[in-house]
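# Descriptive analysis of the structure
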Amino acid sequence: MKKTILAFSRVSPSMLEPYADKYDIVIMSPEMGDMDAQFEAALPNAHGLIGGNRRLGEVELASAKNLEIISSISVGYDNYDLSYLNSRGIMLTNTPDVLNETTADLAFALILATARRIPELDDWTKDGNWSKTIDASHFGCDVHGKTLGIIGLGKIGEAIARRGRFGFGMNILYSGKTRKPQLEEELGARFVPQEQLLSESDFVCPVVPLTAETRNLIGQKELALIGAEGILINVSRGPVVDQDALIQALEEKTIRGAGLDVYVKEPLTDSRLFKLKNVVTVPHIGSATSDTRDAMAKRALDNLLMGLEGQWPRDLVNSQALRQ
Ligand code: NAP
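Remember, it's a predicted structure, so these values are computed and weren't measured experimentally. (Residues numbered from 1 in each chain as written. Predicted model: local features only at pLDDT ≥ 70, side-chain atom pairs only at ≥ 80, totals over all residues. Heavy atoms only, no water.)

## Topic: the sheet that holds strand β5 (residues 91-93)
Ordered in space as β2-β1-β3-β4-β5, the five strands form an open sheet in which the pairing is parallel. Where the open sheet ends on each side, the last strands, each with one partner, are β2 (23-27) and β5. Strand after strand, the sheet turns through a mean of 15 degrees between neighbouring axes, direction not considered. Bridge analysis of strand β1 (residues 3-7) against β2 gives five bridges, and the strand direction is parallel. Following the sheet pairing, Lys-3 is matched in β2 by Tyr-23. (Pairing = 2+ DSSP bridges. Helix = DSSP H or I, 4+ residues; strand = E, 2+ residues; numbered from the N terminus. Axes fitted to C-alpha atoms, helices over the stretch in contact; angles between N-to-C directions.)

As structure tokens, then:
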């Protein structure tokens, strides 16, 4: 009997076509109607799931009696209930590495856009306000030579730090769980306590996974330490930052600005953030370039096929699942 693959998002039919002889393949698509209904109909027969951006836990997977592996097209895996997957012996894989540079590009775009107030001044120019030369009310702040603080100098954090160090001559501070002596040498990065990082950095970027420990890592107290000249950039996960506290700090200008790719609730359709000029918002586009999304889908497909063929998938997140 052929195993069934259910592709629930982010995979093109042409990518799966070469495997149609070996697997039954179900590809969901908005043109075929309600996505949740398609998912529920296909799930009981699925041995492997591939896609991204769908919350999957005990309730959603109750009918997935044949499921062996979920191949997530993302690096973060906070959408999945790991302990439940482990208890069922279901493997979970992710797609690290291939999106590091693209996500770091976006973080840097947010740093520049926020510091130099690009979206705000773009609107201002297009609204026909440029009738005489600009004055200090339009000035931004420098990026080059300033201090960039990375909380979580992992793969993406490192790629952001490289841009800051070698592209913009920035001083790099970092905090986190472990020291990285090689990066300290290469980037001149200094490992400091988080409170020191928050108060000494001009730009603060948390680049940590969302876990119980990192939820609300940046709250009211941390925002106060960032201070009126500091800018917060979040490309990690929305709940890493206390969004209400951030909005209050932006409204009261107790921090200078923020550049946000991620939010507590996504999609973000209405928010007090939309009324603020000192925040730049983009719709979770960290890895959203054609090249990178293709590379992620390819890596996820490799993981899926390895899992279904009885091999140890390259990016297995939960080896515990195989010990059940
Ligand atoms: P990574 O290589 O695993 O790096 C994560 C870093 O966070 C590591 O340096 C880790 O420290 C640190 N960390 C973990 N828990 C911490 C804590 N409690 N306090 C301080 N530091 C902590 O992951 P990555 O590939 O860079 O990705 C990071 C996150 O970015 C992902 O989990 C994902 O949620 C998010 N992301 C978002 C987008 C987007 O589209 N916006 C795209 C890709 C990724 P150690 O090195 O000491 O373990």
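Now that the structure has been shown, we can carry on.
## Examining the site of the ligand
The environment of the ligand is formed by 26 residues, the closest being Ile-156, Thr-178, Lys-180, Val-235 and Asp-261. Gly-286 places a main-chain nitrogen or oxygen 3.4 Å from an oxygen atom of the ligand. Here the ligand loses 85% of its free accessible area of 940 Å² to cover by the protein chains. Split by residue class, the shell around the ligand holds nine nonpolar, 11 polar and six charged. (Near = heavy atom within 4 Å. Polar contact = N/O pair within 3.5 Å; in protein donor to acceptor, adjacent residues only side chain to side chain. Areas by Shrake-Rupley, 256 points an atom, 1.4 Å probe, with all protein chains shown as cover. Nonpolar A, V, L, I, M, F, W, Y, C, P; charged D, E, K, R; others polar.)

## Side note on the UniProt feature "domain: D-isomer specific 2-hydroxyacid dehydrogenase catalytic" (unreviewed entry) in the chain
Feature annotation in UniProt places "domain: D-isomer specific 2-hydroxyacid dehydrogenase catalytic" (unreviewed entry) on residues 5-318, given in this structure's numbering. End-to-end, the C-alpha atoms of residues 5-318 are 20 Å apart, and along that stretch the chain is 34% helix and 15% strand. (UniProt positions renumbered as here; feature names shortened; annotations may be inferred.)

## Details of the side chain of Asn-303
Its place among the elements puts Asn-303 in helix α11 (residues 290-308). At 3.1 Å, the side chain of Asn-303 and the backbone oxygen of Asn-94 are in polar contact. Beyond its immediate chain neighbours, meaning those up to four positions away, Asn-303 contacts Ile-69, Ser-71, Thr-93, Asn-94, Pro-313, Arg-314 and Asp-315. (Contact = heavy atoms within 4.5 Å.)

## Section: α11
Because the α-helix completes a turn every 3.6 residues, residues three or four places apart line up on one side. Here α11 contains 19 residues, and its C-alpha end-to-end distance of 27 Å stays within 8% of the 27 Å for a straight helix at 1.5 Å per residue. Residues Thr-292, Met-296, Ala-297, Arg-299, Ala-300, Leu-301, Asn-303, Leu-304, Leu-305, Gly-307 and Leu-308 constitute the buried set of α11. Gly-310, located one to two residues past α11, shows a positive phi value of around 85 degrees. (Expected span 1.5 Å × (residues − 1). Buried < 20%, exposed > 50% of the residue type's maximum accessible area, 1.4 Å probe, protein only.)

## Some points on the packing of aromatic side chains
Using the criterion set out here, one finds three aromatic pairs in the structure. Between Phe-8 and Phe-39 the ring centres are 5.9 Å apart and the planes differ by 80 degrees, which places this aromatic pair in the edge-to-face class. Here Phe-39 lies in helix α2 (residues 35-42) and Phe-8 lies in the loop between β1 and α1 (13-16), a separation of 31 residues in the sequence. A single burial state applies to Phe-8 and to Phe-39, both of which are buried. (Phe/Tyr/Trp six-rings, centres within 6.5 Å; stacked < 30°, edge-to-face > 60°.)

## Section: unusual backbone geometry
Cis geometry marks the peptide bond from Glu-266 to Pro-267; its omega dihedral reads -5 degrees. Following the sequence through the fold, Pro-267 ends up in the loop between β11 (257-260) and β12 (279-281). Of note in this structure, Arg-117 is not a glycine but carries a positive phi near 55 degrees.

## As for the environment of Arg-165
Tracing the backbone through its elements, the reader meets Arg-165 in helix α6 (residues 155-168). Each C-alpha atom, one on Arg-165 and one on Gly-145, is 8.7 Å from the other, the two residues being 20 residues apart in sequence. When neighbours within four sequence positions are excluded, Arg-165 is seen to be in contact with Met-170, Asn-171, Ile-172 and Leu-187. In terms of polar contacts, Arg-165 uses its side chain to reach the backbone carbonyl oxygen of Met-170, at 2.9 Å.

## Comments concerning the domain arrangement of the chain
Once the domains are mapped, the chain shows domain 1 (3-96 + 290-323) and domain 2 (100-281). Across the domain 1 to domain 2 interface the summed buried area is about 390 Å²; carbon plus sulfur atoms make up 52%. It is Asp-78, Pro-96 and Thr-292 in domain 1 that bury the most area against domain 2; as a group they hold 78% of the surface buried on that side. Counting the contacts that link domain 1 with domain 2 gives one salt bridge. Across the pair Asp-78 and Arg-237 runs a salt bridge, and its minimum N-O distance is 2.9 Å. Taken together, domain 1 and domain 2 are joined by two residue pairs in polar contact (both at pLDDT 80 or more). (Domains from an automatic or database assignment. Buried area = accessible area lost by both parts, 1.4 Å probe. Salt bridge = Lys/Arg side-chain N within 4 Å of Asp/Glu carboxyl O.)

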